[in-house]
Amino acid sequence: MKALGTVLVVLGILFLAISGLNAPKAPNISYLVGSFLPGLLFLVIGLKLGQSKKANTDSRASSNDPEDALRVVVPAKPTFRLDTVRANTFKSRANWGVIGGIVLMFTGGTALQREGGQPTAPGILIPMMIWLVGLSWLIWGCVNYMRWKGHSGWFGLFGYLFLPGLIVLAFFPNKRKRLLQEHSPDQVQRANALAEEDRRSGARFLIGLAPIPIFFGSVCAFMYSSASNIDSAEWKELAPSGLGFQIQMPGIPQVEEKNQETPAGNVELRKFLVTPKRNKELFMIVVIRFPVDLGPELGETDKLLELGRQDLLKASQGQLKTERAIFLDGHRGLELEILPPKGAIIKARVFATKTRLYQITVHVSQVRLTSDDVSRFLDSFKFLPDAKTAPQHEGQ
């Protein structure tokens, strides 16, 4: 049975390692969690078989006396007793806590990386909850590991340091084993103190887990406040004359205008931007209007869209995250997500007609990207009849 338990533990660790390597390819969280279950099951059964074998050995080594639960070390004089059943409970909890905690933290961490592309509140909070539950298990395992070694369970809080903390705990001397091996009379007082500590409940150490729910609550509060919608009364409709569009913006926009003369005629740039006071965000639309004769020189629609794309990347100095083709009223466009160098994210839509290039841009935090405010702003953009440009249909 012991050999079978060892084999199952090795298989469990192997399966968990394979699942970890394949985790980034998992299509969803349910599949990700399910891929870890076989390895975790093997690990659980293997550890259980190992514990059963040890329990059977201890049972055969004992007599029928109720005092068999106590390991008695008898030098000549005096004697002391250590509760081996209690000690084995500490060791079992330590094994389950550390191993289970690492597995859950790895699962939650991998899911967090996968959800980085979809930073919705549920998408972040669920993997984070898995990770924090794993951290709780790890800390509780470290507390019991220290109690098994004969030290105060408070030393288990070194587990918050993760791998360095585990290394520190591993170097703590095992006072329990030392007491059982030395058998010297001067150890009686220490042994009795350890036996008394073993009998005390470990519930007091749960206070060491308090930072975890506090941290989770703080993250939830931050995400809730960040995702709160802008007051509907702040939204204003914008439809500048002669620019061929309308859009809703969260406030009265500031307007910037630039003109540049070219051999083909005047090129006009109009920029409308709003920075909501409550959030450090930017909602902006840029319209470049050029003479109809200049359009062929600049290139066809695809070339104009590429110019708009490059202009956004250059202005933001960011890295392109995603890009996809879109259509609105028959006009071609691009939808982009750009990661600027100082965090947050930019979502933009670019449209091109024969005489205009439109850039609709919103700069928000990651947790706000899928908010109603962003959708309301981008989806409210519409072409007006006075655009005087024939739509370019999808097949063109």
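Everything quoted here is computed from the prediction, not taken from an experiment.

Visitor: Could you clarify how one ought to interpret the packing of aromatic side chains in this entry?
Guide: To describe a pair of aromatic rings, you give the distance between the ring centres and the angle between the ring planes. Scanning the entire structure with this criterion turns up 15 aromatic pairs. Ring centres 5.1 Å apart and planes at 55° place the aromatic pair Phe-155 and Phe-172 in the tilted group. In this pair, Phe-155 sits in the loop between α4 (121–148) and α5 (163–170) while Phe-172 sits in the loop between α5 and α6 (175–182), placing the two residues 17 residues apart along the sequence. The partly exposed category is assigned to Phe-155, whose relative accessible area is 35%. Since its relative accessible area comes to 17%, Phe-172 is described here as buried.

Visitor: In this structure, what is going on with a nonpolar patch on the surface? I would like to understand it.
Guide: Taken together, the side chains of Phe-155, Phe-158, Leu-161 and Val-168 present a nonpolar region at the surface, about 310 Å² in accessible area. Given the relative accessible area of 30%, Phe-158 is considered partly exposed.

Visitor: I keep staring at the sheet that holds strand β3 (residues 236–238) and nothing clicks. Help me out?
Guide: Sheets are built from strands that pair by backbone hydrogen bonding, the pairs being arranged parallel or antiparallel. Read from one edge of the open sheet, 3 strands run β3-β4-β12, paired in antiparallel fashion. Pairing within the sheet leaves two strands with one partner each, and these edge strands are β3 and β12 (382–383).

Visitor: Would you mind going over unusual backbone geometry with me for this structure?
Guide: For residues besides glycine, phi is generally negative; the peptide bonds are generally trans as well. Its identity as a non-glycine residue notwithstanding, Phe-162 has a phi of 60°, on the positive side. Looking at the element boundaries, Phe-162 is found in the loop between α4 and α5. Accessibility expressed as a relative area gives 33% for Phe-162, which makes it partly exposed. Positive phi outside glycine occurs at Gln-317, with the angle close to 55°. A relative accessible area of 63% means that Gln-317 is categorised as exposed.

Visitor: Hey, could you run me through the confidence of the model for the protein in this one?
Guide: As a general rule, the predicted coordinates of low-pLDDT regions are not to be interpreted in detail. Looking at the protein as a whole, the pLDDT averages 79, with 71% of positions reaching at least 70. The low-confidence segment residues 61–78 (pLDDT under 50) makes 25 contacts with residues lying over four places distant or belonging to another chain.

Visitor: Help me out: how do you make sense of the pattern of salt bridges in this one?
Guide: Two side chains with opposite charge may pair up if their charged atoms get near one another. Under the counting rule described, the total for this entry stands at 16 salt bridges. The partner of Glu-196 in a salt bridge is Arg-199, and the shortest N-O contact between them spans 2.8 Å. Remark: Arg-199 and Glu-196 occur in helix α7 (residues 188–199); sequence separation between them is 3 residues, near one turn of the helix. By relative accessible area, which is 44% here, Glu-196 ends up partly exposed. Between Glu-281 and Arg-368 there is a salt bridge, with the nearest N and O atoms lying 2.7 Å from each other. Highlighted residues: Glu-281 in the loop between β6 (265–274) and β7 (282–289) and Arg-368 in the loop between β11 (356–364) and α11 (372–379), separated in sequence by 87 residues. Exposure remark for Arg-368: the relative accessible area of 1% places this residue in the buried category.

Visitor: What am I meant to see in the nonpolar core here?
Guide: Among soluble globular proteins, nonpolar side chains are generally buried collectively. Grouped together as the largest cluster of nonpolar side chains are 26 residues, with contacts concentrated most on Phe-245, Ile-247, Met-249, Ile-285, Ile-360, Phe-377 and Phe-381. Mapped onto this core, the elements with two or more residues apiece are β4 (245–249), β6, β7, β8 (319–328), β10 (345–352), β11 and α11. Broken down by element, the residue count for this core peaks at 4 residues, all from β11. Those residues in contact with Ile-247 that lie beyond four places of it in its chain are Lys-236, Glu-237, Leu-238, Ile-285, Ile-360, Phe-377, Ser-380 and Phe-381. Counting 18 residues, the second-largest nonpolar core is a separate cluster that includes Met-105, Leu-125, Leu-209 and Met-223.

Thresholds, definitions, all that
Sequence order as written defines residue numbering, which begins from 1 separately in each chain. In view of the model being predicted, local features appear only for residues whose pLDDT reaches at least 70, and side-chain atom pairs are presented and counted only at 80 or more, with totals across whole chains, interfaces and linings using the full set of residues. The side-chain numbers reported here are obtained from all heavy atoms of the structure, hydrogens and water having been left aside. Only Phe, Tyr and Trp rings take part, Trp by its six-membered ring, and two of them pair if their centres are within 6.5 Å. Stacked means planes under 30 degrees apart, edge-to-face means over 60, and tilted covers everything else. Put simply, DSSP marks the helices as runs of H or I at least four residues long and the strands as runs of E at least two long, and each gets a number from the N terminus on. Throughout, exposure labels follow a simple rule: accessible area from a 1.4 Å probe, protein chains only, divided by the maximum for the residue type, with under 20% read as buried, over 50% as exposed, and the rest as partly exposed. Patch definition: residues above 30% relative accessible area lacking any salt bridge, with like charges linked at up to 9 Å and the nonpolar side chains Val, Leu, Ile, Met, Phe, Trp and Tyr linked at up to 5 Å. Note on areas: these come from Shrake-Rupley sampling with a 1.4 Å probe, and a residue is covered only by the protein chains present in the view. Every case where a carboxyl oxygen of Asp or Glu lies within 4 Å of a side-chain nitrogen of Lys or Arg is listed as a salt bridge. A pair of strands is labelled paired if DSSP reports no fewer than 2 bridges between them. What pLDDT conveys is the predictor's confidence in a given residue, as a value from 0 to 100. Note on contacts: a residue pair qualifies if any of its non-hydrogen atoms lie within 4.5 Å across the two residues. Within this scheme, the nonpolar core is defined by two criteria: the residues are buried Ala, Val, Leu, Ile, Met, Phe, Trp, Tyr or Cys, and they are joined through side-chain atoms within 4.5 Å.

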